[in-house]
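Each chain, letter by letter, is given below.
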Amino acid sequence: MAEIRKARKDDLVDLIEIWRGSVRATHDFLAESDFRAIERDVAEKYLPCASLWVAVDERDSPLAFMGIDKSHIDSLFVAPEERGKGLGRLLITHARQIAGNRLTLDVNEQNGQALAFYRRMGFAVHARSPRDGGGRPYPLLHMTQRAV
């Protein structure tokens with residue numbers, strides 16, 4: 001079973017690989033130019049500064065990660081070969097333990113797999129934005145965890 005720990009600087013290369021693989025597996029709606037621009041921002045601006053929790057295997061190798069700011073999950077990515085093994089659920093459970101049961105998150109409307117996962121985890125859509133945080137034409141659904 002995976003364990004969760006805080007991310008370290010030496011995880012950065014693994015985390016960008018997890019991000020890249022996960023996005024390639026679930027975000028087929030992204031234009032290649034947008035993927036590259038987002039990848040650059042994630043690698044240079046987000047990952048080095050975000051408060052991240054990492055699910056690791058018995059060798060302490062990252063398998064998935066989650067970013068959380070107060071009670072807002074701002075990222076959750078699982079390596080493609082690790083999907084369906086409960087890592088996303090494990091990270092959401094960890095978020096509930098550290099932030100309580102009123103978690104929020106945003107998900108791309110076109111990412112049906114993630115949307116279905118978050119609904120199974122007890123989240124419901126409360127609002128929609130027609131563009132993503134970078135102003136690109138990828139609508140975001142704003143979700144809040146239903147009372148547990």
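**Student:** Any chance you could explain the pairing of strand β4 (residues 72-78) here in plain terms?
**Tutor:** On a regular strand, one side chain projects to one face of the sheet and the next to the other, so that they alternate. Across the seven residues that make up β4, a large majority, five, are buried. Of the pairings in the sheet, the one linking strand β3 (residues 62-69) to β4 comprises six bridges and is antiparallel in character. Within β4, the residue paired with Ile-68 across the bridge is Ile-73. Between β3 and β4, which pair antiparallel and follow one another directly, the connecting turn spans two residues, one of which, Lys-70, has a positive phi of 60°. Bridging between β4 and strand β5 (residues 104-108) involves two bridges; their strand directions are parallel. For His-72, the partnering residue across the bridge sits in β5 and is Thr-104. Chirality of the crossover, the property in question, places the unit of β4, helix α3 (residues 87-99) and β5 among those that are right-handed.

**Student:** For this particular structure, what's the right way to read the packing of aromatic side chains?
**Tutor:** Any two aromatic rings considered together are summarised by their centre-to-centre distance and by the angle between their planes. With the rule as written, the count across this model stands at six aromatic pairs. Centre to centre, the rings of Phe-29 and Tyr-138 are 5.7 Å apart; their planes meet at 55°, and the pair counts as tilted. Linking Phe-29 in the loop between α1 (12-26) and α2 (32-46) with Tyr-138 in the loop between β6 (123-129) and β7 (140-145), this pair joins segments that are 109 residues apart in sequence. An identical accessibility class is assigned to Phe-29 and Tyr-138; each is buried. Above the plane of the ring of Trp-53 lies Lys-6, whose end atom (NZ or CZ) is 4.8 Å from the centre. The ring of Phe-35 is capped by Arg-24, whose NZ or CZ atom sits 3.7 Å from the centre of that ring.

**Student:** Sorry if this is basic, but what is going on with the sheet that holds strand β1 (residues 3-6) here?
**Tutor:** In any sheet, the strands associate via hydrogen bonds between backbone groups, in a parallel or an antiparallel arrangement. Strand order in the open sheet formed by seven strands is β1-β2-β3-β4-β5-β7-β6, with mixed pairing between adjacent strands. For this open sheet the edge positions go to β1 and β6, each flanked by a neighbour on one side alone. For this sheet, the mean angle separating the axes of adjacent strands, direction not counted, is 30°. Two elements, β1 and strand β2 (residues 52-56), share four bridges in a ladder whose sense is antiparallel. Pairing of Glu-3 across the sheet is with Val-56, part of β2.

**Student:** Looking at this structure, how should I read the side chain of His-142?
**Tutor:** Positionally, His-142 belongs in strand β7. Setting aside anything within four residues of it in sequence, one finds His-142 in contact with Leu-105, Asp-106, Ala-124, Val-125, His-126, Ala-127, Arg-128 and Ser-129.

Analysis parameters
- Residue indices follow the written sequence of each chain, beginning from 1 at its first position.
- Owing to the predicted nature of the model, reporting of local features is limited to residues with pLDDT of at least 70; listing and counting of side-chain atom pairs is limited to 80 or more, with chain, interface and lining totals taken over all residues.
- Water and hydrogen atoms were dropped before computing side-chain values, which therefore reflect all heavy atoms in the structure.
- Relative accessibility thresholds used throughout: buried, under 20% of the residue-type maximum; exposed, over 50%; partly exposed, between the two (1.4 Å probe, protein chains only).
- Numbered from the N terminus, helices here are DSSP runs of H or I no shorter than four residues, and strands are runs of E no shorter than two.
- Two strands pair if DSSP finds at least two bridges between them.
- Seen with its strands pointing away from the viewer, a crossover is right-handed when the path leading from the first strand over the helix to the second is clockwise.
- Only Phe, Tyr and Trp rings take part, Trp by its six-membered ring, and two of them pair if their centres are within 6.5 Å. Stacked means planes under 30 degrees apart, edge-to-face means over 60, and tilted covers everything else.
- When the NZ atom of lysine or the CZ atom of arginine is within 6 Å of a ring's centre and also within 35 degrees of its normal, the charge is said to sit over that ring.
- Simply put, an axis is a line fit to the C-alpha atoms, just over the touching stretch for a helix, and the angle between two N-to-C directions goes from 0 to 180 degrees.
- Contacts between residues were defined by any pair of non-hydrogen atoms, one from each residue, lying within 4.5 Å.

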